[in-house]
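Reading the structure
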Amino acid sequence: MRKIAALAAALLVGGMATGSAEAEDVKEFYSSNTLTLITAGGAAGPYNILARTIEPYLRKYLPGNPNIIVQAMAGAGGLTAANYLYAKAPKDGSVIGITLPTLALNQVFKVDGVAYDVKDFNFLLSVQQEPIVVGVSAKSGFNDWKQVVDKKAVLGSTGLTSNTSIVPKLMNKFLGTQFSVVTGYQGAGNIELAVERGEVDGMAANWSGLKSSQPQWLKEGSFKVLVQSGLTPEADLPNVPTLVDIAPQDKRPVFEFYGLSNALGRVFVAPPGVPEDRVKALREALLAVTKDPEFIKLAAERDIDPHAVEHEDLEKLAANTVNYDPAVVSIVREAIGAE
Amino acid sequence: MEAADFSILGAAGHALLVVFDPARFIFLVVGVLFGLFLGVIPGLGGILGLSLLLPFTFTMDPFAAIAIMLGLLAATSCSDSIPSVLIGVPGTVGAAATILDGHPLAKQGKAGEALGASFFASMSGGVIGAICLAVSIPIMRPLVLAVGTPELLAICVLGLSLVAVLSSGMLLKGLAAAALGILISTIGMDANTGVMRWTFGNLYLWDGIEVVLVALGLFALPELADLFASGAKQIAQEGTKATRFAQIEGARQVIRNKWLLLRSSLIGVSLSSVPGIGAAVIDWIAYAHAKRTVKNADFGNGDVRGIIAAESANSAKDGGHMVPTIAFGVPGGPPMALILGAFLVHNITPGPEMLSTRLDITYSLVWTIALANVIGTALCFLFANQFAKLAMVRVGIIIPLILSIIFIGAYQSNQEWGDFYTLAVFGVIGWVMKRSGWPRPPLILGFVLGALIENYMFISFERYGTGWIFRPFVLIVLTVSVAGILYAGWSAIKTALADRGERAAVSFSMPKAKNLFTILALLVFVAALIGSTSWPVRSQLIPQIICWTGAICCALQLFMELRGGAIQAAGHGGMAHGGETNAPGFYRRTRTYAIWCAGLLAGIAMIGLLPAVFAFQIAFMRLVGKERWSLILPVSIGYAIFMYVLFQDVVHVHWPLSVVGDLVPWLRSATRIL
């Protein structure tokens, strides 16, 4: 009963106080409420593992040290979770979530089923920007992306709408490469297997995922990364060109847009309308987690890149993506849809 | 060479010591107990258990984590036959084929024999699976690398061709049901083109339909409906027991059929090492194999060999699933994605390491699977007699309890409202199929294998043109598959011709209720045929082929049915049996059952899942079962508390949002279950 009363009081305070609430309220709210952390993707997916890894530290740094429940919400390529967080989740700060890097891209592409406006989310923080790399096995004989302009290279892919297909298709269209994309593989693991077996020459892959699943490829040098999609080169890929680097001047916006749209990373958001002081507390706590030496060590073991992007930058990234030159957006969309 | 062998033996021995270390062995036992529990409960299974355990294993040492997770997984396939045999409701998707012969035995009062056979077959299958895994370690990577996409395609086609065997002499119906299954598998986003197939703007359908919902709908709901409608007081007659003696007799039957056991286990291991082929079809394929090879069989009416084939293959699959999982990090089956998650957390990288420097891990997997099967089976044997009492619980009590858990279990698939609708739709489909004598296993086979075949086929053509067909393995397997279908077709035609000779005049009749499903299926195929024409070629090719096949089969079937022919309608075997329609008031009681189910759904929408289940049980037990309050209240309150603790406090379910919760938000915040 006391709990209900406290909750009602907290709700009341949260509703009335606009930006002027005291830190004490935050502490009281989180000491009497459970924090639910929704993750897009399945129970064993990387987002869930990220949430589970962060959870004990978030509890430590968030005022009130709440109990944290991690709930996996798979479905519709992250849209189920994003829509839930946007519209249905309680707006008192008791529910936050980790959404996919495609949060803004889905909106600008007007994907069916998007029921949110990315600008309204309370961005908290993001980790693990996920650049896509295009690479081939050493035995395929390709050493440089330019060779693919003259000779066909076969890449495995999960499907047309995934990054495993989008990047090579954009390269074919705007850089004149001859990637032949074979779609239909179920998940990155099966493409990696096809690369190993020689069924395909290579793949476009999530760089952090590849480092985690095939460390021996990179150690032995049996996999050669040709290009990377991020706007700036990865620390461990200093000599691999970015797509923007190799694109002729007039094609750069296309690849800038693509790089931008993927740069949100695994992004923590709170629903729109959560009281400002609680959002602030969540941001500070998450940032503190990413700087905790113990967390950094654990993250390294679990292949999580703890480097954080803060909310101001995320807001800019999202806004830039959503407001990008519509002409470029439609060109990219078309290039992905059909060659 | 000798050095290598020595190191392998050394690693195996070391791993055994590690697994038997009391600090870890206790985790294995806990995993097994939890797995047995989840296996017995329809709708719950290994995947739920593993997602639950995964976060707890983060802080364990890797061997203990493997022991508890894999122990759980292996144990579910020991106990999932218990509800299959006793109630006719599959414990997990892998125990559906066990129903066909297990449940008739239970009804005849031979539950002990059925359970004994299923436990012993399950254990033997599990151990054989573990042995195969251990033996294959040195050759695992070359083995997996040698099997290309065209070979995988051929294996799936072979699996699908067994529809002919599972159709119980009703080939047209079987083919049409398989076509329907494939068509259903195309629901969702086609990743290859980005086209939404049959999603009707509904996000829930984007990711397609969960196989658990298909299996529960097709097999569990109709069985409970018929149990209710039959007017029986309880499932088995009074005095049914699973005595030690009867169980040992069942186990002896397994030993008598040791070659069938071995063959089925090997089928289980090898099929499960193909990514994507999992529990939902392996039991059926082994069952079909038994049907094709065993002489003087009486499958479907309580032939213990049907149980042996299904159970051994279902248990052997865990060993097979591990092969691509540890050798390449490709999940061999749905639960393996969670095992891979645990690997990631413990910094274990699947691949060459697992077969060289981390052999200790790999062997601990082998030992865990074997030991979990032995321990799980021993416990099942010990407690079978207690479980057997389930079959004698009054119908007015058992139906609401089982129905509730099916709904709660089904909701774990996606934790969305769509799960209830999907369950209900497949429940209706399953019931109508059962009533009108349609075999249901082909639908499951088509559903699971159809999706794989579509993907593998496009990859094969895109990568190899038409050349892949002439790869030796592919050629042999495809020939066997086609021959199997042609043979079945030829037998059906022969029967039809012989039958025509006996008939003097041909007369057509008007469509009746028994033709309902044929007509409905025909309409679905035609509608889907028209509906899919606007998609890109790649997205419409398989649906179009399937719709033509399905429509032609249905049209032929309807022609025969209306001509008054007994040819195809004369189904036999338990797969399509109609059952006790003769009981007075059968359809009236079926209607009552449907109303109760609809009432439960409405209740969930109004007051939330747990409160609705609670109210449903009380109402059903009181109004239908005419039970005493002194029994109703303890049972339903105990059940509710148990479900609350399990799903609210342990699983942290995201409950369906109810009308009451929408109207009274503070109540939702306070209870968190509305």
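Conventions used here
- Residues numbered from 1 in each chain as written.
- Chains lettered and ligands numbered in written order.
- Predicted model: local features only at pLDDT ≥ 70, side-chain atom pairs only at ≥ 80, totals over all residues.
- Helix = DSSP H or I, 4+ residues; strand = E, 2+ residues; numbered from the N terminus.
- Rg over C-alpha atoms; globule rule 2.2 N^0.38 Å.
- Buried ≥ 20, exposed ≤ 12 C-beta atoms within 10 Å, placed from the backbone.
- Contact = placed C-beta atoms within 7 Å.
- Pairing = 2+ DSSP bridges.
- Right-handed = clockwise from strand over helix to strand, strands pointing away.
- pLDDT = per-residue confidence, 0-100.
- Nonpolar A, V, L, I, M, F, W, Y, C, P; charged D, E, K, R; others polar.
- Domains from an automatic or database assignment.
- Axes fitted to C-alpha atoms, helices over the stretch in contact; angles between N-to-C directions.
- Core = buried A, V, L, I, M, F, W, Y, C linked by C-beta atoms within 7 Å.
- Expected span 1.5 Å × (residues − 1).

The helix and strand inventory of chain A stands at 16 helices and 11 strands. A compact globule built from 339 residues would reach a C-alpha radius of gyration of about 20 Å, and chain A, at 21 Å, matches this within 12%. Once the C-alpha set of chain A is aligned to its principal axes, its extents read approximately 70 × 40 × 30 Å. Burial status across chain A gives 53% buried among its 339 residues. In chain A, the share of contacts with a sequence separation of at least 24, taken over all contacts with a separation of at least 6, comes to 78%.

Within chain B, the regular secondary structure consists of 29 helices and 2 strands. Over its C-alpha trace chain B gives a radius of gyration of 25 Å, about what one expects of a compact globule, namely 26 Å for 674 residues. By its C-alpha atoms, chain B is 80 × 70 × 55 Å across when sized along the principal axes. Within chain B, residue pairs in contact and separated by at least 24 positions form 79% of the contacts whose partners lie at least 6 positions apart.

Bringing the pairing of strand 2 (residues 68–73) of chain A into the picture now. All names here are of chain A. Where strand 1 (residues 35–40) lies against strand 2, 6 bridges are found, and the strand directions are parallel. The partner of isoleucine 38 across the bridge, within strand 2, is glutamine 71. Between the parallel pair strand 1 and strand 2, the chain is carried across by helix 3 (residues 46–61), and the sense of this crossover is right-handed.

All names here are of chain B. On average, residues of chain B score 89 in pLDDT, and 94% of them reach the 70 mark or higher. In the model, residues 566–578 has pLDDT below 50 throughout and makes 41 contacts with residues more than four positions away in sequence or in other chains. The complex prediction reports pTM at 0.89, with the ipTM value standing at 0.87.

What follows covers unusual backbone geometry. Phi is positive for Asn65(A), which is not a glycine, with a value near 40°. Along the polypeptide, Asn65(A) turns up in the loop between helix 3 and strand 2. Taking the C-beta count within 10 Å as the criterion, Asn65(A) has 15 such neighbours and is therefore assigned partly exposed. One non-glycine residue with positive phi stands out, namely Arg672(B), at about 60°. Note that Arg672(B) resides in the segment after helix 29 (665–671).

Now for the interface of chain B and chain A. At the interface, 43 residues of chain B touch 44 residues of chain A. At 6 residues, the largest contribution of residues to the side of chain B that touches chain A is made by helix 17 (residues 334–345) of chain B. When the residues that make up the side of chain B that touches chain A are grouped by side-chain class, the tally is 22 nonpolar, 18 polar and 3 charged.

Moving on, we get to the domain arrangement of chain A. Residues and elements named next belong to chain A. When the domains of chain A are assigned, the result is domain 1 (2–129 + 265–324) and domain 2 (132–261). The centre of domain 1, based on its C-alpha atoms, is set 31 Å off from the matching centre of domain 2. Taken together, the contact pairs 10 residues of domain 1 with 7 residues of domain 2. Top contributing element to the side of domain 1 that touches domain 2 by residue count: helix 15 (residues 311–322), with 3 residues.

Consider a sheet: its strands pair through backbone hydrogen bonds, and that pairing is either parallel or antiparallel. Residue and element names in this part refer to chain A. The strand order across the open sheet formed by 5 strands is 7-6-8-5-9, and the pairing between neighbours is mixed. Edge positions in the open sheet fall to strand 7 (179–183) and strand 9 (223–228), since each of these has one partner strand only. Neighbouring strand axes in the sheet, compared pairwise and without regard to direction, differ in orientation by 35° on average.

The next thing to look at is the nonpolar core. In this structure, Met69(B), Ala111(B), Ala215(B), Ile444(B) and Leu445(B) are the most contacted members of the largest nonpolar core, which totals 336 residues. When residues of this core are assigned to their parent elements, the largest contribution, 15 residues, is made by helix 12 (residues 211–229) of chain B. Here this core spans two domains, since at least three of its residues come from each of domain 1 (2–129 + 265–324) and domain 2 (132–261) of chain A. Those residues within four positions of Ala215(B) in sequence are excluded, and the remaining contacts are Pro90(B), Val93(B), Ala96(B), Ala280(B) and Ile444(B).

What follows is about the environment of Ile397(B). All names here are of chain B. Within the secondary structure, isoleucine 397 sits in helix 19 (residues 395–411). For isoleucine 397, a count of 20 C-beta atoms within 10 Å corresponds to the buried category. Considering only alpha carbons, one finds isoleucine 397 and leucine 631, 234 residues apart in sequence, at a separation of 9.7 Å. Beyond its immediate sequence surroundings of up to four residues, isoleucine 397 is in contact with Met621, Gly625, Glu627 and Val635.

Along an α-helix, residues three or four apart share an orientation, since each turn contains 3.6 residues. In a regular helix each residue adds 1.5 Å, so 15 residues correspond to 21 Å; helix 11 (residues 171–185) of chain B covers 21 Å between its end C-alpha atoms and thus fits that length. The buried fraction of helix 11 of chain B amounts to 15 of the 15 residues, a majority that puts the element mostly inside the structure.

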